Every structure is written in structure tokens, then in C-alpha cells.
Amino acid sequence: DAFPARLFDRRARLRARTFDFLTEPSSRMSCARTIAPHARVAAHARRHTTSGKSTMSRSAVVPRAKANRLQEKSAQELVDATETFIFDCDGVIWKGDSLIEGVPETLDLLRSMGKRLIFVTNNSTKSRAGYTKKFESLGLKVNAEEIFSSSFAAAAYLESIDFKKKAYVVGETGILEELDGVGIKHIGGESDAGKQVTLASGELMHHDEDVGAVIVGFDRNINYYKIQYATLCIRENPGCMFIATNTDAVTHLTDAQEWAGNGSMVGAIKGSTKREPIVVGKPAAFMLDYIANKFQIRKDQITMVGDRLDTDILFGNDGGLNTMLVLSGVTTKDMLCSDDNTIAPTYYTDKLADLLCVGKVAA
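Predicted model, so just to flag it, every value in this text is computed and none were measured.

What counts, and at which threshold
- Residues numbered from 1 in each chain as written.
- Predicted model: local features only at pLDDT ≥ 70, side-chain atom pairs only at ≥ 80, totals over all residues.
- Heavy atoms only, no water.
- Buried < 20%, exposed > 50% of the residue type's maximum accessible area, 1.4 Å probe, protein only.
- Helix = DSSP H or I, 4+ residues; strand = E, 2+ residues; numbered from the N terminus.
- Salt bridge = Lys/Arg side-chain N within 4 Å of Asp/Glu carboxyl O.
- 1 Å grid on protein atoms, 1.4 Å probe; cavity = no way out; pocket = protein on both sides within 12 Å on 5 of 7 lines; lining within 4 Å.
- Points joined across faces, edges and corners; volume = space filled by probe spheres on them.
- Nonpolar A, V, L, I, M, F, W, Y, C, P; charged D, E, K, R; others polar.
- Pairing = 2+ DSSP bridges.
- Right-handed = clockwise from strand over helix to strand, strands pointing away.
- Axes fitted to C-alpha atoms, helices over the stretch in contact; angles between N-to-C directions.
- Parallel < 35°, antiparallel > 145°, perpendicular 65-115°, else oblique.
- Left-handed = near helix turned anticlockwise from the far one by under 90°.
- Contact = heavy atoms within 4.5 Å.
- Disulfide = S-S within 2.5 Å.
- Phe/Tyr/Trp six-rings, centres within 6.5 Å; stacked < 30°, edge-to-face > 60°.
- Lys NZ or Arg CZ within 6 Å of the ring centre and 35° of its normal.

A.B. asks: Which parts of the structure should I look at to understand helix α11 (residues 309–318)?
C.D. replies: Each turn of an α-helix holds 3.6 residues, which means side chains three or four residues apart point in the same direction. Burial analysis of α11 places eight of its ten residues in the buried class, the great majority of the element. Within α11, the full set of buried residues consists of Leu-309, Thr-311, Asp-312, Ile-313, Leu-314, Phe-315, Gly-316 and Asp-318. With its phi angle positive at about 80°, Gly-320 sits one or two positions after the end of α11.

A.B. asks: Which parts of the structure should I look at to understand the pattern of salt bridges?
C.D. replies: Inspection of every chain in the model, using the stated rule, returns 16 salt bridges. Across the salt bridge formed by Lys-195 and Asp-192, the nearest N and O atoms sit 2.8 Å from each other. Of the charged contacts, one joins Lys-299 and Asp-289 as a salt bridge, the two residues approaching to 2.6 Å between their closest N and O atoms. Of this pair, Lys-299 sits in the loop between α10 (286–295) and β17 (302–306) while Asp-289 sits in helix α10, and the two are ten residues apart along the sequence. Overall, Lys-299 belongs to the partly exposed group, its relative accessible area being 29%.

A.B. asks: Any chance you could explain empty space enclosed by the protein here in plain terms?
C.D. replies: In this approach the atoms are scanned with a rolling probe the size of a water molecule, which exposes any empty space left behind. According to the stated counting rule, one finds one cavity of 30 Å³ or more in the structure shown. Lining the largest cavity are 18 residues, and of these Asn-122, Asn-123, Asp-248, Thr-251 and Arg-308 lie nearest its centre. Elements that contribute at least two residues to the lining of the largest cavity include exactly β14 (250–251) and α11. Taken together, the residues of the lining of the largest cavity break down into three nonpolar, nine polar and six charged.

A.B. asks: I would appreciate a short explanation of the pairing of strand β8 (residues 116–121) in the present structure.
C.D. replies: Each regular strand carries side chains that alternate between the two faces of the sheet. Among the six residues that make up β8, five are buried, leaving the element largely enclosed by the rest of the structure. In terms of strand pairing, strand β5 (residues 84–88) meets β8 through five bridges, oriented parallel. Directly across from Thr-84, in β8, lies its bridge partner Arg-116. Where β8 and strand β9 (residues 147–149) come together, three bridges link them in parallel fashion. If you follow Phe-119 over to β9, its bridge partner there is Ile-147. Following the backbone out of β8, through helix α5 (residues 128–137) and into the adjacent parallel β9, one traces a crossover that is right-handed.

A.B. asks: Would you take a moment to explain the packing of helix α8 (residues 224–236) against helix α9 (residues 262–273) for this structure?
C.D. replies: Packed helix pairs are characterised by how far apart their axes lie and by the angle those axes make with each other. Two elements in contact, α8 and α9, have axes separated by 10 Å at closest approach and are oriented at 50°. Judged on the interaxial angle alone, α9 and α8 are oblique. Of the two elements, α8 crosses α9, and the hand of that crossing is right-handed. Taking contact as the criterion, the partners of Ile-227, Ala-230, Thr-231, Ile-234 and Arg-235 in α8 are, on α9, Ala-268, Ile-269, Ser-272 and Thr-273.

A.B. asks: Explain the pairing of β17 to me, please; I cannot follow it from the model alone.
C.D. replies: Along β17, five of the five residues are buried, which leaves the element largely enclosed by surrounding structure. On β17, burial covers both faces: Ile-302, Met-304 and Gly-306 on one face and Thr-303 and Val-305 on the other are all buried. Looking at chain direction, β5 and β17 are connected through four bridges and run parallel. Bridging across to β17, Phe-85 finds its partner in Thr-303. Two strands pair when backbone bridges link them, and β17 and strand β18 (residues 322–326) are joined in this way by four bridges, in the parallel orientation. Bridge pairing in β18 links Gly-306 to Leu-325. With α11 bridging β17 and the parallel β18, this β-α-β connection has right-handed handedness.

A.B. asks: What is the right way to read the state of the cysteines from this model?
C.D. replies: By definition, a disulfide links two cysteine residues through a covalent bond between their sulfur atoms. In the structure shown here, the tally under the stated rule is zero disulfides. Cys-233 provides the cysteine sulfur closest to Cys-240, a residue in no disulfide bond, and the two sulfurs are 5.6 Å apart.

A.B. asks: Explanation requested: the packing of aromatic side chains in the structure shown.
C.D. replies: Given two aromatic rings, one states the distance between the centres and the angle between the planes to describe the pair. Overall, the coordinates contain 13 aromatic pairs when judged by the stated rule. Between Tyr-168 and Tyr-229, the ring centres sit 4.5 Å apart and the planes meet at 25°, which makes this aromatic pair stacked. Of this pair, Tyr-168 sits in strand β10 (residues 166–170) while Tyr-229 is found in helix α8, placing the two residues 61 residues apart along the sequence. Here Tyr-168 falls in the buried class, since its relative accessible area comes to 0%. Its relative accessible area of 8% is what places Tyr-229 among the buried residues. Among the aromatic residues, those joined into a cluster by ring pairs are Phe-85, Phe-87, Trp-94, Phe-119, Tyr-131 and Phe-135. Over the ring of Tyr-131 we find Lys-126; its NZ or CZ atom is 5.7 Å from the centre of that ring.

Right, here's the structure in full:
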């Protein structure tokens, strides 16, 4: 009888020590939490598959997870220490087709201070050329070379491994355009949008045996034909890769509500193939490594700004960047400070335009 008593007592002590919430005056509110040593790995262990192998995130062991609200002084210090800002788009720059208040002025201020600006999005429905047009439609001047979408990342990944076969695409025009840009042959995509499977007696679906990669991106026209075709390629073509542009649970297709994200499409293929994908979008490291190498940027001089803890902030934390969470998108203050959350940004604030205080301090 003594053993169960000791066990229950130990569990109670661990629970009591696991989270320590610190209360500060309202002018300097922060969300702080200490994770007990016994619980650190279990609480924050994450698995990312970036090269066909599952690896544990570098931030799996976190001695202290603390998020501080951005103040004028800390904003100035952050900007001074930053050579390059990487911005997520949905929830940071815009929501659906609506520009978030104060964004143009903030981007102009940072550019005037000599900061490099890079825009990274997990949304694969557009290519870099397509996103350039979207920025223009919102009154923002952004060059294609400053945009890195997960559609581009999928093409860049295949180019980096000297891929010579065909790709089957579950996704939209953004992926197709980026594959064309690097000369990779592809099938599927929007041309399979209306195809149906009748499941008549004895029906057999044939597939292209030269497909060496299946790319799964967000697809508003996903159907059973595409799922089956992708499944056949992955399961029956030797060495066929399963690539996911991202595994986001939800996305901002409109500014009215959240919509099921690419994680739902990837999940369907994972379920039928029993395979884990190679993820090229956030929070996997591929895009960050590509950007750092392309521009020869030191990672400790980069600040990642995003609205999602499990993609944007984890992407930055794992890459050794400063991180700033904005509450203008998916993540709320309650989610950030929840007992269940183990991912903390360097700073958090309401919206990107809160950086405009730097201009006032400078003036």
C-alpha cells in the first residue's frame, strides 16, 4: 500500500511545480511559465519531418518558456538588433483580402531604417508572381524576390536534390507555376479537379509510374480521385516522395472565419499511405535555411513575426531567431497563456503596427 501513496504524492508535487504564473502590473503584462525539469521533454517534444526522417525539435527541452509584452523600449532594442524581418502574411499583413491596419506605415518605417523585409507564407495556392499581384492589390510594393511561399519551397526542395522525374500535385496553380519555373514536369493539380471515381465492379485506376514525388498543398477542389491517385503513386512507385507544403490545421481564406487548412489534405494521404510527409513549409527548417543561405544572413540577426505559435513562432525558435507574436490572427492571448501551450515568443503584441512606436522614440 505504501508504493501507491508515494506515487500519488510524487505526481501531486510535480503538478504543483509544473506551471508558475507570474503576475505583473497591467502596464507590463506578460505571460510567464516555468516547466518542471521532469516535464520539459514530454511537454514540448515535437516531431518535424524535413528529410524523410523524423527528428525532435531543437526546442524540445525548454528550461523556461516566457513571453513578454512588447514595450517601447523593448521594441527599439528588437529593431536595433534586427537586420532582417521575416513576416508571415495571413494574420500579420492581411486577413483574407483585407489589409490589417497600420501595416503600410510599419513596413515603410522599417525600410527607411535599412531593414531587409521578407514575406513567408504557408499558403501554396499562389506562386511568388501571384503573391506579388496580391501585395499590389493591397497597395503594398513588394518584389517577388522578397516572397517565399510554400509552393516555391516545394519546387526549390525538388530542385535542390536534382529531381528528374514527374511530380503529381494535389494543389492549386501556385505549385504548378513554381514547378514550371524550375523545369520540373508535373501532372494533376487543377486538371484533376472535376474527375470522379465511379467504383464500378472491377474498376481499376491506372497511374503514371514515372511519378517520383507527390506534392500535397491546399486544394479547394480536392476529391477522391486525387487522393487515390496520390496514394497509388506513393505506395506503388519505388522511392516516390510524399511532400507537404505545410500541415496547418486552419487558414484565413476570408476575413470572416477560419477554414480547414492543408493539414486536412495531408492527413487524408497520411491515412491512406501510412507515410509521414517531407514538410517544406513552416515550421520545418527548409525555408529558413534557404533564405539565410540566399541572402547570407546570420540567423541571430533575424526576427520572425507571425500569428501562429505552432508554425511561425516554432519556426523562429527552432531556427535561433528572435520571435514576435502578433495577436491579429489565429493566436489569442488566452491561447498564448494557456497551461497547454509550451511555445513562447520573445515578445508578443496586438498587431504589427505596434512597432510604429520605434519611429516616435527616434523622433
